[in-house]
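A structural walkthrough
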Amino acid sequence: MVRYSMPGRWSLTDLSVRVGKTTFKNPVLVASGTFGYGEEYSELFDLNQLGGIVTKSITLNPREGNPPPRTCETPSGMLNSIGLANVGVDRFIQEKIPFLNKFNTNIIINVAGSTPEEYLRVVEKLNHAQGIDMLEINISCPNVKEGGMAFGSDPESAHRCTSSIRKVTNYPLMVKLTPNVKDIVEIAQAVEDSGADCISLINTLVGMAIDFRIKKPLLKTVTGGLSGPAIKPVALAMVWKVSQKVKIPVVGIGGITNTQDALEFLLAGASLIQVGTSNFVDPQTSVRIIEGLKDYCEKNEIKRVMEIVGKLEN
Amino acid sequence: MVRYSMPGRWSLTDLSVRVGKTTFKNPVLVASGTFGYGEEYSELFDLNQLGGIVTKSITLNPREGNPPPRTCETPSGMLNSIGLANVGVDRFIQEKIPFLNKFNTNIIINVAGSTPEEYLRVVEKLNHAQGIDMLEINISCPNVKEGGMAFGSDPESAHRCTSSIRKVTNYPLMVKLTPNVKDIVEIAQAVEDSGADCISLINTLVGMAIDFRIKKPLLKTVTGGLSGPAIKPVALAMVWKVSQKVKIPVVGIGGITNTQDALEFLLAGASLIQVGTSNFVDPQTSVRIIEGLKDYCEKNEIKRVMEIVGKLEN
Amino acid sequence: MVFQKKFELISSQKLSEKIFRLGFFAPEIVKNACPGNFVHIRVGDKSSPLLRRAFSIFDLDLKKDCFDILFKVVGPGTEILSRKSTGENLDLLGPLGNGFEIPKGDRSPVLVAGGMGIAPLMSLAFYLVKNQKIKPEKISFLYGERIKGGFVCLEDLKELGIKTLLATEDGSEGFEGMVTELFLRKVKETSFVKDSPIFSCGPHPMMKTMSELSKKHNLFCQLSLESHMPCGLGACWGCVVKTNRDGGEPDYKRICKDGPIFDAREVELD
Amino acid sequence: MVFQKKFELISSQKLSEKIFRLGFFAPEIVKNACPGNFVHIRVGDKSSPLLRRAFSIFDLDLKKDCFDILFKVVGPGTEILSRKSTGENLDLLGPLGNGFEIPKGDRSPVLVAGGMGIAPLMSLAFYLVKNQKIKPEKISFLYGERIKGGFVCLEDLKELGIKTLLATEDGSEGFEGMVTELFLRKVKETSFVKDSPIFSCGPHPMMKTMSELSKKHNLFCQLSLESHMPCGLGACWGCVVKTNRDGGEPDYKRICKDGPIFDAREVELD
Ligand SMILES: Cc1cc2nc3c(=O)[nH]c(=O)nc-3n(C[C@H](O)[C@H](O)[C@H](O)COP(=O)(O)OP(=O)(O)OC[C@H]3O[C@@H](n4cnc5c(N)ncnc54)[C@H](O)[C@@H]3O)c2cc1C
Ligand SMILES: Cc1cc2nc3c(=O)[nH]c(=O)nc-3n(C[C@H](O)[C@H](O)[C@H](O)COP(=O)(O)OP(=O)(O)OC[C@H]3O[C@@H](n4cnc5c(N)ncnc54)[C@H](O)[C@@H]3O)c2cc1C
Ligand SMILES: Cc1cc2nc3c(=O)[nH]c(=O)nc-3n(C[C@H](O)[C@H](O)[C@H](O)COP(=O)(O)O)c2cc1C
Ligand SMILES: Cc1cc2nc3c(=O)[nH]c(=O)nc-3n(C[C@H](O)[C@H](O)[C@H](O)COP(=O)(O)O)c2cc1C
Ligand code: FES
Ligand code: FES
């Protein structure tokens, strides 16, 4: 929850971003699955600085996730097949939310499920929790056998899934899309039509790596999700295309590692951005970007960071 | 054209690969658009060593291609928007084929078009040319306004395009697929059903890059095609999936830079591989891979390189 | 407390063709570290290699506020690291992990190292002798390598006064065979490990064998495990190992946060 | 002939905070090079930065079989290059490009350099004086920089005996303004360029201005152009510039192969 809209050092720049009725103190969030429930990173820097924290995907029941090895490195990227390992919504509400609520930042709960009903049940439980600012609906996880990406792969099911959630909750909804599709714009439009407040993209690309010496895949699940700087060009292209065709705000995700990357996404049309893999490389990426955006705006006499959004010239 | 099946230094290993009636002296080809018509690279090494040369896409009429800037670098990759710049099929047959025919390697002509009719007319003209070993049908180019990727984005149009070409030529057909789809397997199956002799994948992923200082895209066409090591995990996953579902051979393309990468693609199920972007980084990539495969096979007492194909263990 | 900061590389030593020892001036890390901890190092500033690399704390000097790592060049990350010069500042994250549990009392510790597994065990050996004031003669150090030339730190062990039993796969030095075979022989021959705390680190197959032996003979053995580690902090759940502490449901634990030190009877390695 | 091979870095000099001069022992390249040619260098062995970087041949020593490049650190590629030490072997591809066309006769050449455009023009200056035996007094060298401290090679030019006219944007040295303004003034003031061969290299806006001036005044001016160059060999068509040599259809030419030297009246820069 945001209690003040412009904390931090005194600055002439207004970094805040409004998405529907929700105000973010700055456009920099941390991406689901790369920041746990915030606990680990709270030792390293002040989480109050963040625009928002998107939590690891939550499902109805606790999930152990996929067998290891679950990650490997690829050129300028990494693959993961964590498989939505999480404590389940009940323990999440009991144990994790109180910790997150200590911080003066927006809390976005990422929701996943194997069936449409599972999503609804998780959301209904979250309706009773305190201090949640937004839900991110993950219809794009490539690492589960059922559900996940399937819901986000065609406009009809994306629409169905989002509308049914829209009906059972008042939380603002951010819907997270998969890049593993032919035309992400039609899916984004379907999601917009079904009442989402904003759209986040991209989740990971399906990828695979092999250890040729032992003739085995490097991930136990064979394929996994590709993230990191390698996918930034794909993410930028999708953000640019989608933001021109939908009216609701777009949240840019994919390979963001520094202020320059963040500015590129804002220019391409993203109102908010999420830092994922780079949290592993430099845990302080997000705060460095917040500082960097402030400096950039001050140097270029930009009063509100929102002014940059979509300002790409052709 | 291959005149001898095992040239080069004496070796215990048989590197040759058969695809239908066509024999490749080794599994290493150079990818379309990254090797011109062979002329430039012939100064640097002996093209006779190659398994095959895939030429830059040819269209009915000469094309100037897209306005510059046409390329830029991205993390472990690059974007291009060349846009099928080429001399047109007539000049190609007159000026370029005679040069290519000097070499004892397979010549694969990559064919593209804006309309299904254009493909057919190019193929008909090529029917009268000499010394062509195979056609690669490019239904996957992301860099043209019309045609290109559109034909390869859904099973029906891929089937229609391939079958109509199949009817007008006796050349063996390699059909090149785009990764910018939801399910590449269904497209591969459609292509197989329409009489293709083999399937090559992947062409480039749609991507974009921005120069934040001048607030402009780095490519004049805004989006382009992403290639290089960054996309290798995506390519490997698609090769692995497709090769399990089709009976015809698969040709692996995407970020191959060394012997290890080549082995990974063979293990994942590719019978042949194509080296693309890496020709720019190290023009001798392909010959180093051929040597590397020879060494690998000898050290591991593998008599025929074909034995490795698809031998990934789960 | 965990710190992420640039720390100065103050010493760099090439111990053999592939093995290097680097020293960092890092008061924050030194003050908070215990044996078995590791640091996560960003080796370059380019996007390839992208992720940090983990290294055990090998030696710690509380007075000088510095610590050393010992590593082998096995790939691009360690190759870049081996070319760093003193005076450069490296981005370190640490200290990380749970550390060895050192039982009270005067039971004789047994340390079993294979290859680069020597690194965390040396830090433990230093600690046991210098901080815990355990008599070096009471410590057994079993150490295996492929060939005679592979051993490092033998001088250090000698100086500490610890009796070291060597094993080589080709028999070129000490026992001929795996260090786990040497260990098993000791377990069977004598009763020296029955009530001893055992500490072990080495390549995956060795850890698997140590885990199996510990289950079979019900030994109190702590293993230092490795895994590919994206975050090193416990946030990504990418580095898990299967455990079955309560004999019940399989359960994934994070090597970086719940480990890297695990009870050998608790983990299911494959 | 073009060569791709590892060549030894034999000298390395830091000329200013950002400008470096590297020398390579490369007989194959030296024997085949001419002024205006460039080499394509693989700066690292990692996948990032991935592509080669192009640098003009700056100085060539036929006797010692070596050549130099002069470059400014502007990004990751040049940064890595600046940290190379002598004795290292670098993967070079070259010589590449068409080279300057040097007209016969005793007309007085005019060289116009902006910033790092000095590099190919210095190689031309050396060549004109040393190989073509053109009297240095006959050569005019116009050279622009942002500020006084930015100039390099002034000593070399002096030694060659070439008269050099400087321009700085802030007027801290020589003419105050762009070097193209200085050039235009000369064109108008005197008749010195009317029948002179002109050679120019500099940043894109400068090349655009030079092209426009050449068209307007119908000057015989050769520009050395730059572009992002994936292959450098003419194979990828990634580095094109729009040309209209025959006054007709626009036509894309490859800067790496058909250039980098173009007639200023032929190209359409934007
Ligand atoms: C807790 C911990 C402590 C370690 N302590 C030491 C030590 O003290 N001395 C030492 O020499 N090595 C140690 N290692 C192993 C060391 O991290 C790897 O050797 C190193 O990451 C290899 O990187 P590379 O780029 O050179 O090789 P590559 O093999 O090319 O690395 C490729 C990828 O695999 C990962 N990887 C490769 N091997 C390992 C491994 N054994 N464990 C984890 N990830 C791996 C790398 O992180 C990288 O992402 C430790 C590992 C862990 C997890
Ligand atoms: C024919 C030719 C000759 C050149 N000669 C010289 C020289 O003698 N001295 C010198 O200092 N520089 C020269 N350059 C420019 C030099 O190639 C760039 O400065 C260098 O590539 C920048 O790489 P980077 O990674 O440091 O910078 P970055 O700007 O980060 O590079 C990013 C990408 O942009 C490309 N790029 C950036 N600037 C240029 C540019 N001006 N031209 C072409 N590509 C660019 C790089 O190749 C790279 O792919 C020449 C360029 C060309 C084409
Ligand atoms: C280890 C890991 C775990 C992830 N887990 C989730 C998850 O649980 N839910 C989700 O929606 N996205 C998850 N993602 C995807 C990221 O949130 C993000 O969309 C993606 O990694 C692209 O951004 P990046 O390139 O900045 O990492 C995960 C990514 C990684 C690397
Ligand atoms: C500069 C460039 C031009 C290309 N032109 C073509 C083309 O004309 N036709 C085609 O089918 N593919 C073309 N491609 C795609 C490559 O053939 C290849 O499929 C792709 O680059 C992936 O392989 P890589 O990562 O090894 O480069 C081009 C790629 C590049 C980089
Ligand atoms: S490395 Fe991320 S949880 Fe262990
Ligand atoms: S760089 Fe490839 S054609 Fe010029």
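Residues numbered from 1 in each chain as written. Chains lettered and ligands numbered in written order. Predicted model: local features only at pLDDT ≥ 70, side-chain atom pairs only at ≥ 80, totals over all residues. Heavy atoms only, no water.

1. Focus: the overall build of chain C
- When helices and strands are counted, chain C shows six helices and 17 strands.
- Along the first, second and third principal axes, the C-alpha set of chain C runs to 50 × 45 × 35 Å.
- Looking at chain C as a whole, 56% of its 270 residues qualify as buried.
- For chain C, contacts bridging at least 24 residues in sequence account for 63% of all contacts bridging at least 6.
- Summed over its atoms, the accessible surface of chain C is roughly 11700 Å², and 49% of this surface lies on carbon and sulfur atoms.
- Mean positive and mean negative side-chain charge positions of chain C (38 and 35 charges, respectively) differ by 2 Å. (Helix = DSSP H or I, 4+ residues; strand = E, 2+ residues; numbered from the N terminus. Buried < 20%, exposed > 50% of the residue type's maximum accessible area, 1.4 Å probe, protein only. Contact = heavy atoms within 4.5 Å. Areas by Shrake-Rupley, 256 points an atom, 1.4 Å probe, with all protein chains shown as cover. Lys, Arg positive; Asp, Glu negative; His and termini not counted. Charge placed at Lys NZ, Arg CZ, Asp CG, Glu CD.)

2. Some remarks on the overall build of chain A
- The helix and strand tally for chain A stands at nine helices and 16 strands.
- Going through the 314 residues of chain A one by one, you find that 70% of them count as buried.
- A separation threshold of at least 6 residues defines the contact pool for chain A, and within that pool the share at least 24 residues apart is 71%.
- If you sum the accessible surface of chain A, you get close to 10800 Å²; carbon and sulfur atoms cover 49% of it.
- Side chains of chain A carry 33 positive and 32 negative charges; the gap between the two charge centres is 2 Å.

3. Some remarks on the packing of helix 4 (residues 155-168) of chain A against helix 5 (residues 184-193) of chain A
All names here are of chain A.
- For the pair helix 4 and helix 5, interaxial distance at closest approach is 8 Å and the crossing angle is 25 degrees. In terms of their interaxial angle, helix 4 and helix 5 are classed as roughly parallel. In this structure, the crossing between helix 4 and helix 5 has a hand that is right-handed. Here helix 4 contributes Pro155, Ala158, His159 and Thr162 to the contact with helix 5, which in turn contributes Glu186, Ile187, Ala190, Val191 and Asp193.
- Per-class residue counts for the contact of helix 4 with helix 5 are five nonpolar, two polar and two charged. (Axes fitted to C-alpha atoms, helices over the stretch in contact; angles between N-to-C directions. Parallel < 35°, antiparallel > 145°, perpendicular 65-115°, else oblique. Left-handed = near helix turned anticlockwise from the far one by under 90°. Nonpolar A, V, L, I, M, F, W, Y, C, P; charged D, E, K, R; others polar.)

4. Considerations on the state of the cysteines
All names here are of chain D.
- Taken as a whole and assessed by the stated rule, the structure comprises zero disulfides over all chains.
- Looking at Cys221, it has no disulfide partner, and the nearest cysteine sulfur is the one in Cys201, 11 Å off.
- With a relative accessible area of 0%, Cys221 lands in the buried category. (Disulfide = S-S within 2.5 Å.)

5. Here we look at the pattern of salt bridges
All names here are of chain B.
- As enumerated under the stated definition, the model contains 51 salt bridges over all chains in all.
- Note that Lys125 is salt-bridged to Asp90, the shortest N-O span being 3.0 Å. Of this pair, Lys125 sits in helix 3 (residues 116-127) while Asp90 sits in helix 2 (residues 89-100), and the two are 35 residues apart along the sequence.
- Classification of Asp90 by relative accessible area gives partly exposed; the value is 43%. (Salt bridge = Lys/Arg side-chain N within 4 Å of Asp/Glu carboxyl O.)

6. Things to note about the site of ligand 1
- The environment of ligand 1 is made up of 20 residues, and the closest members are Ala54(C), Gly77(C), Thr78(C), Glu226(C) and His228(C).
- One finds residues of chains A and C in close proximity to ligand 1.
- Between ligand 1 and the protein, one listed contact pairs an oxygen atom with a side-chain N or O atom of Glu73(A) at 3.0 Å.
- Gly75(C) is positioned with one of its backbone polar atoms (N or O) 3.0 Å from an oxygen atom of ligand 1.
- Bound to the protein, ligand 1 loses 80% of the 830 Å² it would expose on its own.
- Secondary-structure elements contributing two or more residues to the shell around ligand 1 are strand 4 (53-56), strand 6 (66-72) and helix 2 (76-82) of chain C. (Near = heavy atom within 4 Å. Polar contact = N/O pair within 3.5 Å; in protein donor to acceptor, adjacent residues only side chain to side chain.)

7. Here we look at the confidence of the model for chain A
- When pLDDT is averaged across chain A, the result is 93; 95% of the residues are at 70 or more.
- With pLDDT under 50 throughout, residues 3-8 of chain A is counted as low confidence; its partners more than four residues away or in other chains account for 10 contacts. (pLDDT = per-residue confidence, 0-100.)

8. Side note on the interface of chain B and chain A
- Residue-level contacts link 41 residues of chain B with 41 residues of chain A.
- A combined buried area of about 3700 Å² lies between chain B and chain A, and 73% of that area is made up of carbon and sulfur atoms.
- Counting every contact that joins chain B to chain A gives zero salt bridges.
- One can count five residue pairs in polar contact (both at pLDDT 80 or more) joining chain B with chain A.
- Within the residue set of the side of chain B that touches chain A, elements represented by two or more residues are strand 11 (205-208), strand 13 (216-217), strand 14 (223-227), helix 6 (232-245) and helix 7 (259-268) of chain B.
- Looking at which element gives the most residues to the side of chain B that touches chain A, the answer is helix 6 of chain B, with six residues. (Buried area = accessible area lost by both parts, 1.4 Å probe.)

9. Quick notes on the sheet that holds strand 4 (residues 52-54) of chain B
Residues and elements named next belong to chain B.
- Judged by pairing direction, the barrel is parallel, and its eight strands sit side by side in the order 3-4-7-8-9-10-15-16 before closing back on the first. When strand polarity is set aside, the average angle formed by the axes of neighbouring strands in this sheet is 25 degrees.
- In the sheet, strand 9 (residues 173-176) pairs with strand 10 (residues 198-201) via three bridges, with the strands oriented parallel. Counted as the bridge partner of Lys176 is Ser200 from strand 10.
- Contacts between helix 7 and the sheet are confined to strand 15 (250-253) and strand 16 (270-275), with strand 16 contributing the most and set at about 145 degrees to the helix. (Pairing = 2+ DSSP bridges.)

10. Things to note about the sheet that holds strand 6 (residues 77-80) of chain A
Residues and elements named next belong to chain A.
- Read across the open sheet, the four strands follow the order 5-6-14-11; overall the sheet is antiparallel. Either end of the sheet is taken by a strand with one partner, and the two such strands are strand 5 (71-74) and strand 11 (205-208). For this sheet the average axis-to-axis angle between neighbouring strands, irrespective of direction, equals 40 degrees.
- Taken together, the four bridges between strand 5 and strand 6 define a ladder with antiparallel strand orientation. In the sheet register, Thr71 faces strand 6, and the bridge partner there is Asn80.

11. Overview of the domain arrangement of chain C
All names here are of chain C.
- By the assigned domains, chain C splits into domain 1 (3-96) and domain 2 (110-268).
- Of note, the centres of domain 1 and domain 2, computed from C-alpha atoms alone, are 21 Å apart.
- Domain 1 puts 19 residues into the contact, and the matching count from domain 2 is 22 residues.
- Regarding the contact of domain 1 and domain 2, the summed buried area is about 1600 Å², with carbon and sulfur atoms giving 73% of it.
- Between domain 1 and domain 2 we count zero salt bridges in total.
- Across the domain 1-domain 2 interface, the total number found is three residue pairs in polar contact (both at pLDDT 80 or more).
- Secondary-structure elements contributing two or more residues to the side of domain 1 that touches domain 2 are strand 2 (19-25), strand 3 (38-42), strand 4, strand 6 and strand 7 (89-96).
- At three residues, the largest contribution of residues to the side of domain 1 that touches domain 2 is made by strand 6.
- For the side of domain 1 that touches domain 2, the per-class residue count stands at 12 nonpolar, three polar and four charged. (Domains from an automatic or database assignment.)

12. Topic: the relation of the copies chain B and chain A
- You can overlay chain B on chain A at an RMSD of 0.0 Å; the transform is a turn of 180 degrees with a shift of 0.0 Å along its axis. Such a turn and shift between the copies fits a two-fold axis. (Least-squares fit on C-alpha atoms with pLDDT ≥ 70 in both.)

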